[in-house]
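Commentary on secondary and tertiary structure
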Amino acid sequence: MFISFEGTEGVGKTTLIRKIHQYFEQQGKEVVLTREPGGTPLAEQIRSLLLAVNHEEQMSHDTELLLIYAARAQHLEQVILPALVAGKIVLSDRFTDASFAYQCSGRGLSQEKLQLLNQTFVAKMPNITFWLDAPIELGMTRARERGALDRFEQEKLSFFAKVRAGYETLWQAEPERIKRLDATQNADVVFEDALQYLK
Ligand code: TMP
């Protein structure tokens, strides 16, 4: 089983993933906890490039997309696919839906570019995706409390409004796979909601 977790900044993905990880481990299941961009040493290096704030050179939107997919290719080949073949449960903090929400909806890149990359490089989609949804302002306050903002977190609220709308579009298009969780609720309630879907 491959499960991904999505949402804008500060909606509580990490907390939910930790709880679900614990839940499966208590059942004696083997779980691989991973994230995107990242999940392997090389993909984590690419993540650093993506998140670094560089005032001297703006990263082009296409470069951003391709770096994300370079990291994803590495992550799929080295971590996700071998774990699934070995019968493990994979929990990934973000996957391809983030590219639709951030790069297409947020940055304005065409869906055709994304489709091409997905068709060419993504051999496996999650069985279930949890979209943690909360008003942008709430998440950004939480993100700011965590410390210095990265290159994405420094974007304007209008950018995150587009990202959130992107997730909503996906959720409406794929209700079987994508489950919306009300992330304004207490973390335990969000976890219980997620469990209902998992069961
Ligand atoms: P994080 O907030 O989950 O740590 O993710 C790091 C950032 O990467 C986050 O701001 C969203 C961004 N991102 C994309 O823009 N596109 C993607 O496909 C992925 C996986 C992440």
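Thresholds, definitions, all that
Residues numbered from 1 in each chain as written. Predicted model: local features only at pLDDT ≥ 70, side-chain atom pairs only at ≥ 80, totals over all residues. Heavy atoms only, no water. Buried < 20%, exposed > 50% of the residue type's maximum accessible area, 1.4 Å probe, protein only. Helix = DSSP H or I, 4+ residues; strand = E, 2+ residues; numbered from the N terminus. Arc of directions from axis to C-beta. Near = heavy atom within 4 Å. Polar contact = N/O pair within 3.5 Å; in protein donor to acceptor, adjacent residues only side chain to side chain. Areas by Shrake-Rupley, 256 points an atom, 1.4 Å probe, with all protein chains shown as cover. Nonpolar A, V, L, I, M, F, W, Y, C, P; charged D, E, K, R; others polar. UniProt positions renumbered as here; feature names shortened; annotations may be inferred. Contact = heavy atoms within 4.5 Å. Pairing = 2+ DSSP bridges. Core = buried A, V, L, I, M, F, W, Y, C linked by side-chain atoms within 4.5 Å. Salt bridge = Lys/Arg side-chain N within 4 Å of Asp/Glu carboxyl O.

1. Structural notes on helix H6 (residues 136–145)
Listed as buried for H6 are Ile136, Gly139, Met140 and Ala143. On an axial view of H6, the arc spanned by its buried residues comes to 100 degrees, and they lie on one face. Following H6 by one or two positions, Gly147 adopts a phi angle in the positive range, close to 130 degrees.

2. Looking at the site of the ligand
Of all residues adjacent to the ligand, which total 15 residues, the nearest are Lys13, Arg47, Arg94, Ser99 and Gln103. The side chain of Arg94 places a nitrogen or oxygen atom 2.6 Å from an oxygen atom of the ligand. Starting from 480 Å² of accessible surface for the ligand in isolation, the protein chains cover 94%. Those elements that place two or more of their residues in the shell around the ligand are helix H2 (41–51), helix H3 (61–85) and helix H4 (96–106). Within the shell around the ligand, the residues separate by chemical class into six nonpolar, two polar and seven charged.

3. Thoughts on the UniProt feature "binding site: ATP" (unreviewed entry) in the protein chain
UniProt's entry tags Gly7, Thr8, Glu9, Gly10, Val11, Gly12, Lys13 and Thr14 with the feature "binding site: ATP" (unreviewed entry), counted in the numbering of this structure. Within the secondary structure layout, Gly7 lies in the loop between strand E1 (2–6) and helix H1 (13–26). Excluding residues that lie within four positions of it along the chain, Gly12 makes contacts with Leu132 and Arg142.

4. Considerations on the pairing of strand E4 (residues 128–133)
Across the six residues of E4, six count as buried, placing the element largely inside the fold. Taking every second residue as pointing to the same face, both faces of E4 are buried, with Ile128, Phe130 and Leu132 on one and Thr129, Trp131 and Asp133 on the other. In this structure, E1 lies alongside E4, joined through four bridges in parallel fashion. In the sheet register, Ser4 faces E4, and the bridge partner there is Thr129. Pairing of E4 with strand E5 (residues 178–182), which is carried by five bridges, proceeds in the parallel orientation. Opposite Phe130, over in E5, you have Lys179 as the bridge partner.

5. Observations concerning the nonpolar core
In terms of nonpolar packing, the biggest core is built from 36 residues, with Tyr69, Ile80, Val90, Tyr102 and Tyr167 touching the most fellow members. Looking at this core, the elements that each hand over two or more residues are H2, H3, H4, helix H5 (111–121), H6 and helix H7 (157–173). It is H3 that provides the largest number of residues to this core, a total of nine residues. Aside from chain neighbours lying at most four places away, what touches Ile80 is Phe2, Glu36, His75, Val90 and Phe95. The next biggest cluster of nonpolar side chains, apart from the first, holds 22 residues, and it includes Phe5, Val11, Ile128 and Leu132.

6. Brief notes about the pattern of salt bridges
Side chains carrying opposite charge are able to pair once their charged atoms draw close together. Counted under the stated rule, the structure contains 15 salt bridges. In this structure, Arg107 and Glu155 form a salt bridge, with 2.8 Å as the shortest nitrogen-oxygen distance. A residue pair is termed long-range when its members are at least 10 positions apart, and Arg107 in the loop between H4 and H5 and Glu155 in the loop between H6 and H7 qualify at 48 residues. Classification of Arg107 as buried rests on a relative accessible area of 13%. With a shortest N-O distance of 3.5 Å, Arg146 and Glu153 are connected by a salt bridge. Classification of Arg146 by relative accessible area gives exposed; the value is 56%. Each of Glu64, Arg107, Arg151 and Glu155 takes part in salt bridges that share partners, so that together they form one network.

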